[in-house]
Every structure is written in C-alpha cells, then in structure tokens.
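A structural walkthrough
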Amino acid sequence: MSFHILGTGSYVPPVVVTNDDLAKIVETNDEWITTRTGIRRRHVAVDETTSEMAAKAASAALENSGVSADELDLILCATVSGDYICPNMACLVQRAIGAACPAFDLNGACSAFLLLLETAAAYLSTGRYRKILCVGAEQMSRILDWTDRSTCILFGDGAAGVVLEPGENYLGSQLVFRGSEELLNLPTSTGTFPGSRLEAQHPYVYMNGSEVYKFATRIVPQAIQQLLDKTGTPQSDVAWVVCHQANRRIIEAAARRLKDIADEKFLINIEDYGNTSAASIPLLLDECNRAGTFKKGDLIVLAAFGGGLSCVAALIRW
Ligand code: COA
C-alpha cells in the first residue's frame, strides 16, 4: 500500500516581476532570459513570509481534499528559504492552520517535494498515519544576490502542497544522490567566534549554472528511464511528465531523450513562475488538477533535481 492524492493547493504572492523589470536592476534583457530559460515572469513575496505562503497553500489543499486540519496525522514540509532554521516550517504551518499533529521538515532543495512524497508513502504503508499534508514553499527572493544576474533571474516565490491518504497510486521511485557542494550551495551563518577557521560566506544561492545544466540534462532522463524500467512501464503508457521547472531547455532535453513520450506530455509553467524550488512540482500539479488536465487512471511521471546533488523521479497513478 502507498498513497492516493486527495487534493492539491497552492499560493503565489501577488507581486509579479517581469524580465523587463529585472533588466532595470541587473545587466540582462527579456530576450536572453526567455531564450536561455523559458522564464518570462516570477512572483515575489514582499509582504509575506515563506510559512505564511505555505499555510495558505496548505489551507487550499485541505479545502480541495475535503479534509479538516484536525484530521491530519502528520505535516511534512520542505523549504530552503524558511522563516527560520528553527522552528521548522512545518511547525509554523501546523499552528497557522490549527492542526495538532506532528510536523517536521525535510531538507532536499529542489528535489525535496518528491522526498516528502517518498517519506509519506513509507509512513502510509505502515498504517501509522492516515492523512498526511505535504507542502513545499519558498521565498527564493530572500536568499538571492540581486546583483548576480546569473542567479537572480532564475527563481521565484510560491507554495503548494497535497493531502495524501493510504492508497495504491504511488507506483515507484528512483532516487539518485551525488553528494557535492561545489556546483550548488546555500551557506549558513558562520558565527563570530574569533578563532574559527571558517570564513564568513556569501549568504546567497551559489550555482555553477552550466555544470548544473549538464548534470540535469543527463540525470533526469536517465532516472526517469530507470523508474520506468523498474516499474515495467513502457514510455508510451506515460500520460504526463511533471518535471521540476528550473529551465525549459532542461525539460526539452529530457523530452528529446525519452523519444516515446510525446513532447506535449512534458508539462511546463516555468514561464509564469521561474524556479520555485520545493514548490515547483506541487505548483504545477495543482495547476493541472484544477484545470482538469489529469484524468483518473493517468500515469504521471514526477521528476526533480537540485542541490545535493540529487535527482528524484516517481511514478503515480491519478
Ligand atoms: N543576462 C544576460 N547575460 C547573462 C545572464 C543574464 N541574466 N546571465 C549570464 N549571462 C552571460 C554570462 O555572463 C555569459 O557571458 P560570457 O560568455 O561573456 O561569459 C553568457 O551569458 C553565457 O553564460 P552561460 O552560463 O554559458 O549561459 P547558459 O547558456 O549556460 O545559461 C543558465 C545559463 C543559468 C540559464 C543555465 O546554465 C542553466 O539553466 N543552468 C541550470 C540552472 C538550474 O537548473 N538551476 C537550478 C537547479 S535546481
């Protein structure tokens, strides 16, 4: 037994920053950003915190599921841009929505939402819990260096999640981890102890874009194929692919390698949101759920990659 998705929800802050707006801050232009990434605009939280966005997404997911906060047995959250390192975001969401259940976070950067699903599947399989809320939320705008045009144009803010109950619709997963901080990292505070050998670090997202790009274009199609092989699923049976929205070209490269999955099955909303890290996959899931894109029984591949380095692919039945 694994899980069934009861409902989805999302929230994005109202302020929209276009590529032209960014061109007023750093040396860039709409044409460069659009052709290299597929991003046209992103939402930025100026009045809200990450946990406030997460709580709004959680409430939307509960409403869509017909589940009340006091029915929840567990809240799992993921963020790299939470209000605090401690308390974790899940505890703040728990309080905000009026739940009383255990609540904790997992740290997995852009792959984190799929790690929440993997963890929830394990808990639900044991019968220990019956209703689990999973939420990914990010205020990436707070952890970016807005003078660095190679990173600040890529990300956006938002939150989204799902409510799960025991079921048969989590069909398998493929987890690939390559421990390394060189290509992608977000430093923590180094403290002020005078004798510390640690130098204060630039406290913003650091990324070697072209190397992360190479990693992603190789690992994503590979992990998806391994997932399909291990679940005995022909590419042609896949109804939809919901990829982490980091760069349209990465998704198109994966589509080219997975030849029997038609290009139009790779769903894309990066144009409007940029890379929202842990919120990226549930945001697209919620958008498609509310638009009626998914039909009951559809086989959907979910695929994420990011800091770790990591790549997680999962197969679900809608
Ligand atoms: N506007 C204009 N020019 C820019 C720019 C911007 N916002 N950012 C970088 N450039 C310049 C660079 O300085 C470089 O100039 P140079 O050739 O004079 O040195 C040039 O554009 C090309 O840079 P490059 O890094 O080779 O571009 P790219 O084609 O690799 O695209 C990324 C850059 C970041 C879009 C791409 O590498 C990428 O998407 N990487 C993966 C990022 C990702 O997925 N991250 C999330 C992981 S979860």
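I will try to describe carefully the structure that is included in this document. Here the structure is a predicted model, which is why all the values come from computation and not from measurement. (Residues numbered from 1 in each chain as written. Predicted model: local features only at pLDDT ≥ 70, side-chain atom pairs only at ≥ 80, totals over all residues. Heavy atoms only, no water.)

Attention now goes to the sheet that holds strand β12 (residues 266–267). Taken in spatial order, the five strands of this open sheet run β8-β14-β13-β11-β12, and their pairing is mixed. On the outer flanks of this sheet lie β8 (170–180) and β12, each paired with one strand and no other. Packed on one face of the sheet, helix α10 (residues 280–291) meets β11 (240–243), β12 and β13 (299–306) and runs near 140° to β11. (Pairing = 2+ DSSP bridges. Helix = DSSP H or I, 4+ residues; strand = E, 2+ residues; numbered from the N terminus. Contact = heavy atoms within 4.5 Å. Axes fitted to C-alpha atoms, helices over the stretch in contact; angles between N-to-C directions.)

Here the focus is helix α7 (residues 209–230). Given a rise of 1.5 Å per residue, 22 residues ought to cover 32 Å, and the 31 Å separating the end C-alpha atoms of α7 matches this to within 8%. Those residues of α7 not exposed but buried are Val212, Phe215, Ala216, Thr217, Ile219, Val220, Pro221, Ala223, Ile224, Leu227 and Leu228. Note on α7: the residue one or two positions beyond its end, glycine 232, has a positive phi of about 65°. (Expected span 1.5 Å × (residues − 1). Buried < 20%, exposed > 50% of the residue type's maximum accessible area, 1.4 Å probe, protein only.)

Along strand β6 (residues 132–139), eight of the eight residues are buried, which leaves the element largely enclosed by surrounding structure. In this sheet, β6 lies alongside strand β4 (residues 74–78) in parallel orientation, the contact comprising five bridges. Directly across from leucine 76, in β6, lies its bridge partner cysteine 134. In terms of strand pairing, β6 meets strand β7 (residues 157–167) through eight bridges, oriented antiparallel. Bridged to leucine 133 within β7 is valine 163.

The full set close to the ligand counts 23 residues, and Thr28, Arg36, Arg149, Gly209 and Asn247 are the nearest of them. A distance of 2.7 Å is found between a nitrogen atom of the ligand and a side-chain nitrogen or oxygen belonging to threonine 28. Of the residues forming the shell around the ligand, the biggest block, four residues, is contributed by α7. Split by residue class, the shell around the ligand holds ten nonpolar, nine polar and four charged. (Near = heavy atom within 4 Å. Polar contact = N/O pair within 3.5 Å; in protein donor to acceptor, adjacent residues only side chain to side chain. Nonpolar A, V, L, I, M, F, W, Y, C, P; charged D, E, K, R; others polar.)

Take the state of the cysteines next. Summed over the entire model, instances satisfying the criterion amount to zero disulfides. Free of any disulfide, cysteine 86 has its nearest neighbouring cysteine sulfur in cysteine 91, separated by 8.3 Å. The closest cysteine sulfur to the non-disulfide-bonded cysteine 288 is located on cysteine 243, 12 Å from its own sulfur. Assessed through its relative accessible area of 7%, cysteine 288 is described here as buried. (Disulfide = S-S within 2.5 Å.)

These figures capture arrangement, not role.
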